[in-house]
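Summary of the model geometry
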Amino acid sequence: MIQRFVLGTMLLALSIGFLNCSGKEEGKNPGEKKGGRLPIAVEVAKVEMADHSEGIDVVGSLAPKFTADVRSEYAGIVTEVYVTEWVRVKKGTPLAKIDSREWRFCYRRPVQLWKWQRQTFYRRRWREIGPTESYGRLVKLKELGVVTQQALDDGLTEKEASTARIEAARAQLRAAEEDLRHTQTRLFKTTILSPMEGVVSFRGVNVGDLVGEAGSQKIMFKMIDTRILDLTVTVPSVEMGMVRVGLPLTFSTDAIPGKTFTGKVMFINPVVNESDRSVKVTAEVNNVSEQLKGGLYVKGRIVTGKRTGVLRVPRVALLSWDVAGKKGDLFVVKGEIANRRTVQTGAVMGTL
């Protein structure tokens, strides 16, 4: 059993017994001698065999995966605010209204111009049907030898001029349509809409505020969606080889004691931080119940693998422990004698 323990286990605290220097052994007289030496009492613990999940202990913080800062694209005075902080809204929900009287007045001219250009284009296209049809008749008559080549060339020239006039009218109509769409867009954007489904975490405007002025970075609203969170942790560079996208990350937080949550590793930073030689790892956490909040500090473990039938013992059984060298000393009981042994150590799991 001991040989199996020494050769097979990779747990941190692989002790079989720990020394209790009380100078007393159960069932023995303290004054009794054996082999010329005073016996020493010890407490012994059996080696446990259990399944073990290997992993990397990490700490980090939660943050909403999707956020948005809402600003106005055009300058104007806020005339209405429809929402306040901490309310949930759907995508496209109106958040505020900017004074649109000027744009409504300006909207009339593009509409009138577009209507006029459309009528002009259709009238022009109707008028120019004649030269096209005339040229077709001239081609047939030329085949019969009824008209001269000069008449045919004149008909072609008139047909090309007619086509050019139609294209010019079409270009003017397109320009009027573009101007109308631009004005409609600016008028539409005087209503500030939510860009996503989520919660209004910040409201930075009131009725009468000027927004959208040139060079202004004023944020009108901040939107967050806490149904999916990002958990960002750091992993020492010496252990980054064990981390892969898709590995589970279990964690807990003092804000919700007694409960464990699970996420999945989604991104591993390809660059190592030069200051502490660590790598940032981001896990995605489903939070449909919205128990977890952005900004919470958590402690967790990236599960890199699982092993069955692993031998483990209390960590306090180690007399010495070389963490870097992964070895330690402990007492192994054989009969009535406790011998000091050096064993390999592995991962820590609680007090084991």
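Notes on the structure follow.

Criteria and thresholds
- Residues numbered from 1 in each chain as written.
- Predicted model: local features only at pLDDT ≥ 70, side-chain atom pairs only at ≥ 80, totals over all residues.
- Heavy atoms only, no water.
- Pairing = 2+ DSSP bridges.
- Helix = DSSP H or I, 4+ residues; strand = E, 2+ residues; numbered from the N terminus.
- Axes fitted to C-alpha atoms, helices over the stretch in contact; angles between N-to-C directions.
- Expected span 1.5 Å × (residues − 1).
- Buried < 20%, exposed > 50% of the residue type's maximum accessible area, 1.4 Å probe, protein only.
- Contact = heavy atoms within 4.5 Å.

Quick word on the sheet that holds strand S15 (residues 320–322)
By definition, the strands of a sheet pair up through backbone hydrogen bonds, in either a parallel or an antiparallel sense. Within the open sheet, the three strands sit side by side as S15-S16-S17. Their pairing is antiparallel. Across the chains shown, the open sheet's two edge strands, defined by having one partner strand only, are S15 and strand S17 (337–344). On average, each strand axis in the sheet is inclined to that of its neighbour by 35°, with strand direction left out of account. Across eight bridges, the pairing between strand S16 (residues 327–334) and S17 is antiparallel. Its bridge partner lying in S17, Phe331 is registered against Arg340.

Some thoughts on helix H2 (residues 101–127)
Between its first and last C-alpha atoms H2 spans 40 Å; for 27 residues at 1.5 Å apiece the expected length is 39 Å, and the two agree. The set of residues buried in H2 consists of Trp103, Pro110, Val111, Gln117, Thr120 and Phe121. The secondary structure elements touched by the buried residues of H2 are helix H4 (149–188).

Some details on the side chain of Thr282
Looking at where Thr282 falls in the secondary structure, it is placed in strand S13 (residues 278–286). According to the relative accessible area criterion, Thr282 is buried, its value standing at 17%. Apart from the residues lying within four places of it in its own chain, the contact partners of Thr282 are Asp230, Leu231, Thr232, Lys264, Val265, Met266 and Phe267.

Quick notes on the sheet that holds strand S6 (residues 94–98)
Ordered in space as S7-S6-S4-S9, the four strands form an open sheet in which the pairing is antiparallel. Only two strands of the sheet have a single partner each, and these edge strands are strand S7 (191–193) and strand S9 (210–211). Pairing analysis gives two bridges linking strand S4 (residues 76–81) to S9, with the strands arranged antiparallel. Within the sheet, the bridge partner assigned to Gly76 lies in S9 and is Val211.

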